[in-house]
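Spelled out from the first residue to the last, the chains are:
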Amino acid sequence: AAVRQVDFVTGAVSMDTLPPPITTEVAFVGRSNVGKSSLVNMLCNRKALAYVSGTPGKTQQFNYFHVNAKDQESQFYMVDLPGVGYARVPRPVQEAWIRFMEQYLQYRTSLRLIFHLIDGRHGAMTDDEQLMRLIAASGRQKGEYVVVFTKMDKMDKQKLKQAVINETRSALSRNGCRSDTPIVISSSSTRLGRDEMWRHLQSVLVS
Ligand code: GDP
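Residues numbered from 1 in each chain as written. Predicted model: local features only at pLDDT ≥ 70, side-chain atom pairs only at ≥ 80, totals over all residues.

- The protein chain is annotated in an unreviewed UniProt entry as EngB-type G domain-containing protein from Chondrus crispus.

Some details on the overall build of the protein chain
In step 1: Within the protein chain one finds five helices and seven strands.
In step 2: For the protein chain, the succession of helices and strands along the chain, N to C, is β-β-α-β-β-α-β-α-β-α-β-α.
In step 3: For a compact globule of 207 residues, the expected C-alpha radius of gyration is about 17 Å, and the protein chain comes in at 16 Å, within 12% of that figure.
In step 4: With the C-alpha coordinates aligned to their principal axes, the bounding extent of the protein chain is approximately 45 × 40 × 35 Å. (Helix = DSSP H or I, 4+ residues; strand = E, 2+ residues; numbered from the N terminus. Rg over C-alpha atoms; globule rule 2.2 N^0.38 Å.)

Observations concerning the nonpolar core
In step 1: Counting residues in hydrophobic clusters, the biggest one holds 44 residues, and the most contacted among them are Ala27, Phe28, Met78, Val79, Phe115, Leu117 and Val148.
In step 2: Here this core gets six residues from one element, more than from any other, and that element is strand β5 (residues 111–119).
In step 3: Ignoring sequence-local partners within four residues, the contact set of phenylalanine 28 consists of Lys36, Val40, Val79, Asp80, Leu81, Phe115 and Leu117. (Core = buried A, V, L, I, M, F, W, Y, C linked by C-beta atoms within 7 Å. Buried ≥ 20, exposed ≤ 12 C-beta atoms within 10 Å, placed from the backbone. Contact = placed C-beta atoms within 7 Å.)

What about the sheet that holds β5?
Sheet strands associate in pairs through backbone hydrogen bonding, adopting either a parallel or an antiparallel arrangement.
In step 1: The seven strands are arranged β1-β3-β4-β2-β5-β6-β7 in an open sheet whose pairing can be described as mixed. The open sheet has two edge strands, β1 (6–12) and β7 (183–185), and neither has a second partner. For this sheet, the mean angle separating the axes of adjacent strands, direction not counted, is 25 degrees.
In step 2: Of the pairings in the sheet, the one linking strand β6 (residues 145–150) to β7 comprises three bridges and is parallel in character. Within β7, the residue paired with valine 147 across the bridge is isoleucine 183. (Pairing = 2+ DSSP bridges. Axes fitted to C-alpha atoms, helices over the stretch in contact; angles between N-to-C directions.)

Looking at helix α4 (residues 158–174)
In step 1: For α4, with 17 residues, the first-to-last C-alpha span of 24 Å sits near the 24 Å given by 1.5 Å per residue.
In step 2: By the burial criterion, the buried members of α4 are Val164, Thr168 and Leu172. Each buried residue of α4 lies within a common arc of 75 degrees when the element is viewed along its axis, so the set occupies one face. For α4, the exposed residues lying more than 90 degrees away from the buried face are Lys159, Gln162, Ala163, Asn166, Glu167, Ser170 and Arg174. (Expected span 1.5 Å × (residues − 1). Arc of directions from axis to C-beta.)

Some thoughts on the environment of arginine 194
In step 1: Mapped onto the fold, arginine 194 is located in helix α5 (residues 194–206).
In step 2: Classification of arginine 194 by C-beta neighbours within 10 Å gives partly exposed; the count is 18.
In step 3: Distance in space between the C-alpha atoms of arginine 194 and methionine 42 is 7.6 Å, their sequence separation being 152 residues.
In step 4: Among residues more than four places away in sequence, those in contact with arginine 194 are Met42 and Leu43.

Here's the deal with helix α3 (residues 126–137)
In step 1: The end-to-end C-alpha separation of α3 is 17 Å, in line with the 16 Å expected for 12 residues at 1.5 Å each.
In step 2: The secondary structure elements touched by the buried residues of α3 are β2 (25–30), α2 (91–107), β5, β6 and α4.
In step 3: Downstream of α3 by one or two residues, glycine 139 has phi in the positive range, about 60 degrees.

Section: the site of the ligand
In step 1: Near the ligand you find 14 residues, and of these Gly35, Lys36, Ser37, Ser38 and Ser188 are the closest.
In step 2: Among the elements that take part in the shell around the ligand, helix α1 (residues 36–44) stands out by supplying three residues, more than any other.
In step 3: Classifying every residue of the shell around the ligand gives one nonpolar, nine polar and four charged. (Near = placed C-beta within 6 Å. Nonpolar A, V, L, I, M, F, W, Y, C, P; charged D, E, K, R; others polar.)

A word on the environment of serine 187
In step 1: Mapped onto the secondary structure, serine 187 falls in the loop between β7 and α5.
In step 2: Separated by 34 residues in the primary sequence, serine 187 and aspartate 153 have C-alpha atoms spaced 5.8 Å apart.
In step 3: Residues within four places of serine 187 in sequence aside, it is in contact with Lys151, Met152, Asp153, Leu192 and Gly193.

Let's talk about the confidence of the model for the protein chain
In step 1: Predicted confidence across the protein chain gives a mean pLDDT of 90, with 92% of residues reaching 70 or more.
In step 2: Here α2 stands out as the least confident element of the protein chain, with mean pLDDT 89; β6 is the most confident, with 98.
In step 3: Model confidence for the complex: the whole-complex pTM is 0.94, and ipTM, which rates the interface, is 0.98. (pLDDT = per-residue confidence, 0-100.)

Encoded structure:
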């Protein structure tokens, strides 16, 4: 699990601006401030992934990064999905995001893995449940959808941890997601969960 190279590819805003599906795709999604950038950087051993500076509205785009572009075996697209639909954005923007997301989940066949990041201290919020419904509707295979609890270094009470996990299991089930959806406990500060996330990644890269 070595990331040797990461190149920014493009920021997509609709199905027809997605890059050609030349390699396996792994997406990261979650509310803003969930710890997505920190986690992606931790996974890639990077301080920060460089966006092409000056790209307008980059936070509302599907940001594509090509990992290990020069190596057939280990290359993949890492897609940083926007937290809109999530944040306090105007309703039309939110609805457009949901439509794009719905189509993307349904029709992007190169998409093989979705990491859904949820802040471990708060558990699934309304918009996370919305995302669970979209994912359930898109009919993912086993191992193609993984929930990741972030910032778990801040949770020291075992009882609380278990409660959030139980609540999230109920949320997954009431929104139609598979009962065997994996939940990874992570922290970018302590690098907890890194190996487990890489195992999920590896398994879609080799298959
Ligand atoms: P993003 O908006 O989802 O990309 O979130 P960031 O990665 O920018 O993180 C949001 C805030 O949470 C920042 O202040 C980070 O320092 C903090 N943060 C992110 N990951 C962790 C973590 O694993 N543990 C702790 N304690 N704080 C974190």
